Amino acid sequence: MEISNYLQIKKKLPSNVNLLAVSKGFSCQEIEIIKNEGQNDFGESRFQEAIEKQLLLKDHENIKWHFIGRIQSNKIRRIVQNFEYIHSVDSYEKLLKISNVSFEEQKNPLIMLQVKLSEDPTKGGFSPEVLIEIWEKIQQFKSIKIKGLMTINPKGLSSTENIKLFKKCRYLADSLKLQDCSMGMSGDWEEAVEAGSTWLRLGSIIFGNRTY
Ligand SMILES: *Cc1c(COP(=O)(O)O)cnc(C)c1O
């Protein structure tokens, strides 16, 4: 693994843009290399894989784990127990369950609500209209802190199209008075920064190509 990409991107980012190192598919050794450069936030999307790495890396006290994968309802308790951030909350039912479980577990996870801004049948998420409609109600949910919105753009868009979708996310977050937008991956992070991302989720551009 080459850390030069990581260092270069880090140097370019405005101070309000956080970098989440998406380590799914990569080993603890690779995580430690970046950890040694001062990276503390790591994102994983497969629950079992993440738990195994957390166990191996448990002596690194300041690592913050972010769950970014599709959430299965039956894993919510263990996600709440083991992750500080959850970026991929894509339905009212799951948010309610996360809140109830967090209360029971005395945890306070930081939440990004996944929004669906384009017709992409492979992606879940709240539609902006629904989110606005239920906003008052979900703000009353206990034990969670809704920090922002998360979105994944479809692959293959032009730069202009990427920026347009990311700006929709930023605009919606602003209108709900939410600080964070978790948006931008290896292929579209520069557009995401331009549109107001506060959390880039970067995997392959810093770790190299995944084998899956
Ligand atoms: C894998 C993944 C990423 C990182 O993807 P790269 O293209 O490797 O940067 C970001 N967000 C989510 C939700 C992912 O599943």
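Conventions and cut-offs
Residues numbered from 1 in each chain as written. Predicted model: local features only at pLDDT ≥ 70, side-chain atom pairs only at ≥ 80, totals over all residues. Heavy atoms only, no water. Core = buried A, V, L, I, M, F, W, Y, C linked by side-chain atoms within 4.5 Å. Buried < 20%, exposed > 50% of the residue type's maximum accessible area, 1.4 Å probe, protein only. Helix = DSSP H or I, 4+ residues; strand = E, 2+ residues; numbered from the N terminus. Contact = heavy atoms within 4.5 Å. Phe/Tyr/Trp six-rings, centres within 6.5 Å; stacked < 30°, edge-to-face > 60°.

Chemist: Please explain the nonpolar core as it appears in this structure.
Modeler: Nonpolar side chains in soluble globular proteins tend to be buried together. Within the largest apolar cluster, 57 residues are counted, with the highest numbers of intra-cluster contacts made by Leu113 and Leu131. Among the elements that line this core, the one with the most residues is helix α7 (residues 159–175), at five residues. Not counting the four nearest positions on each side in its chain, leucine 113 is found in contact with Val89, Leu95, Phe126, Leu131, Trp135, Ile138, Ile146, Gly148, Leu149 and Met150. Core analysis: the second largest hydrophobic core is formed by seven residues, Ile68, Met112, Met150 and Trp199 among them.

Chemist: What should I look at first to understand the packing of aromatic side chains in this one?
Modeler: Aromatic ring pairs: the centre-centre distance and the angle between the two ring planes describe each pair. Counted under the stated rule, the structure contains five aromatic pairs. With a centroid separation of 6.2 Å and an interplanar angle of 45 degrees, the aromatic rings of phenylalanine 42 and tryptophan 65 are classed as tilted. Taken together, the residues span a long stretch of sequence, with phenylalanine 42 in strand β2 (residues 41–44) and tryptophan 65 in strand β3 (residues 64–67) at a distance of 23 residues. Comparing phenylalanine 42 with tryptophan 65 shows no difference in burial state: the two are buried. Summarising the aromatic geometry, the rings of phenylalanine 67 and phenylalanine 83 are spaced 5.2 Å apart at their centres and angled 75 degrees between planes, so their arrangement reads as edge-to-face. One end of the pair, phenylalanine 67, is in strand β3; the other, phenylalanine 83, is in the loop between α4 (76–82) and β4 (85–89), and 16 residues separate them in sequence.

Chemist: How do you make sense of unusual backbone geometry when you look at a structure like this?
Modeler: A negative phi holds for most residues other than glycine; trans holds for most peptide bonds. Unlike most non-glycine residues, glutamine 106 shows phi in positive territory, near 55 degrees. Its location among the elements puts glutamine 106 in the loop between α5 (92–105) and β5 (110–114). Its identity is not glycine, yet lysine 177 carries a phi of approximately 60 degrees, on the positive side. In this structure, lysine 177 sits in the loop between α7 and β7 (180–182).

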